[in-house]
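# What the coordinates show
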Amino acid sequence: MGTKRNFRVWRGDADGGDLRDFQVEVNEGEVVLDIIHRLQATQTPDLACRWNCKAGKCGSCSMEINGMPRLSCMTRMSTFAPDETVTITPLRTFPVIRDLVTDVSYNYQKARETPAFAPPAGVAPGEYRMQQVDVERSQEFRKCIECYLCQNTCHVIRDHDENKPPFSGPRFFIRAAELDMHPLDARSDRKEYAQASMGLGFCNITKCCTEVCPEHIKITDNAIIPMKERVVDRRFDPLVWLGRKIFRR
Ligand code: FES
């Protein structure tokens, strides 16, 4: 037999909304998504929420729980004190559609803007070959489940809609880093592109994105900082500088 616990859940739509209080039964081993399902089954059948796998792999159930961007299916109720009110709100960086569902199309737009993998000319699909060591080097970045918690927490866009057009965000910086490490990617310079066209320079490496990544990808240390360093190295390399001067003349 479970115990009744206190929850505050944001309800509303694009025109506005507010936090509503609920008491919901909680059983041992449950996660926040279980509570949302129980709420839907018993008190609020029209509560809107996105989810799919309930296994931390589809990236659908992103929301803010006590102000922290989290996957609701991976957030155990046992992490909260029994008398604590658990507040559940939609992702703040994206426009609300209804209740806990937000419009994350910004991310798909940025995905479209990111140049795709470009294989070398003359190599057909099925003929790509690369060393295992190169496969492993970027494996960490391919763990991304596209939950967009990193995008949601990034302060460059969290309270600054005006930064959204020029800024692609951490999810797409790891994509750029992954392709930059790819030995078969024929697109010459992913990091220069990230700097010039994806807004890499907006990031001031506060590591908020890394902190919320459910796959524990070291977004800042392993993708963003190395790309920033290499862009800077190149710009201030005396030989490159001299070459640029001569070339410009
Ligand atoms: Fe798939 Fe939570 S439901 S990650």
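Below, the structure is looked at part by part.

Each value, and the rule that gives it
- Residues numbered from 1 in each chain as written.
- Predicted model: local features only at pLDDT ≥ 70, side-chain atom pairs only at ≥ 80, totals over all residues.
- Heavy atoms only, no water.
- Helix = DSSP H or I, 4+ residues; strand = E, 2+ residues; numbered from the N terminus.
- Buried < 20%, exposed > 50% of the residue type's maximum accessible area, 1.4 Å probe, protein only.
- Areas by Shrake-Rupley, 256 points an atom, 1.4 Å probe, with all protein chains shown as cover.
- Lys, Arg positive; Asp, Glu negative; His and termini not counted.
- Charge placed at Lys NZ, Arg CZ, Asp CG, Glu CD.
- Axes fitted to C-alpha atoms, helices over the stretch in contact; angles between N-to-C directions.
- Parallel < 35°, antiparallel > 145°, perpendicular 65-115°, else oblique.
- Contact = heavy atoms within 4.5 Å.
- Nonpolar A, V, L, I, M, F, W, Y, C, P; charged D, E, K, R; others polar.
- Phe/Tyr/Trp six-rings, centres within 6.5 Å; stacked < 30°, edge-to-face > 60°.
- Lys NZ or Arg CZ within 6 Å of the ring centre and 35° of its normal.

### Looking at the overall build of the chain
- Scanning the chain for helices and strands turns up 11 helices and 7 strands.
- If you line up the chain on its principal axes, its C-alpha atoms span 75 × 40 × 30 Å.
- Buried residues in the chain amount to 44% of all 249 residues.
- Surface summary for the chain: the accessible area is close to 13,400 Å², and the carbon and sulfur share equals 52%.
- Each charge sign in the chain was given a centre, from 36 positive and 34 negative side chains, and these centres are 5 Å apart.

### Some words on the environment of Gly29
- Looking at where Gly29 falls in the secondary structure, it is placed in the loop between β2 (16-26) and α1 (32-42).
- Sequence-wise, Gly29 and Leu184 are 155 residues apart; in three dimensions their C-alpha atoms are separated by 45 Å.

### Notes on the packing of helix α7 (residues 170-181) against helix α8 (residues 190-197)
- Direction vectors running N to C along α7 and α8 enclose 155°, while the axes themselves pass 8 Å from each other. Here α8 runs roughly antiparallel to α7, going by the angle between their axes. Note on element contacts: α8 touches α7 through Arg190, Lys191 and Ala194, opposite Ala176, Leu179 and Asp180.
- When its residues are assigned to classes, the contact of α7 with α8 shows 3 nonpolar, no polar and 3 charged.

### Some details on the packing of aromatic side chains
- Throughout the structure, instances matching the rule amount to 5 aromatic pairs.
- Between Tyr108 and Tyr148, the aromatic rings sit 5.9 Å apart at their centres with planes inclined by 85°, giving edge-to-face as the arrangement. Of the two residues, Tyr108 sits in helix α2 (residues 105-113) while Tyr148 sits in the loop between α4 (139-142) and α5 (149-153), which places them 40 residues apart along the sequence.
- A residue is classified by how much of its surface remains accessible, and Tyr108, at 42% relative accessible area, is partly exposed.
- Grouping aromatic residues by their ring pairs yields a cluster made of Phe167, Phe173 and Phe202.
- The ring of Tyr106 has Lys164 lying over it, and the distance from NZ or CZ to the ring centre is 5.7 Å.
- The aromatic ring of Tyr193 is capped on one face by Arg187, whose charged end is 4.9 Å from the ring centroid.

### So, the side chain of Asn107
- When you line up the elements, Asn107 lands in helix α2.
- Contacts of Asn107, omitting those with residues within four sequence positions, involve Phe94, Tyr148, Gln151 and Phe172.

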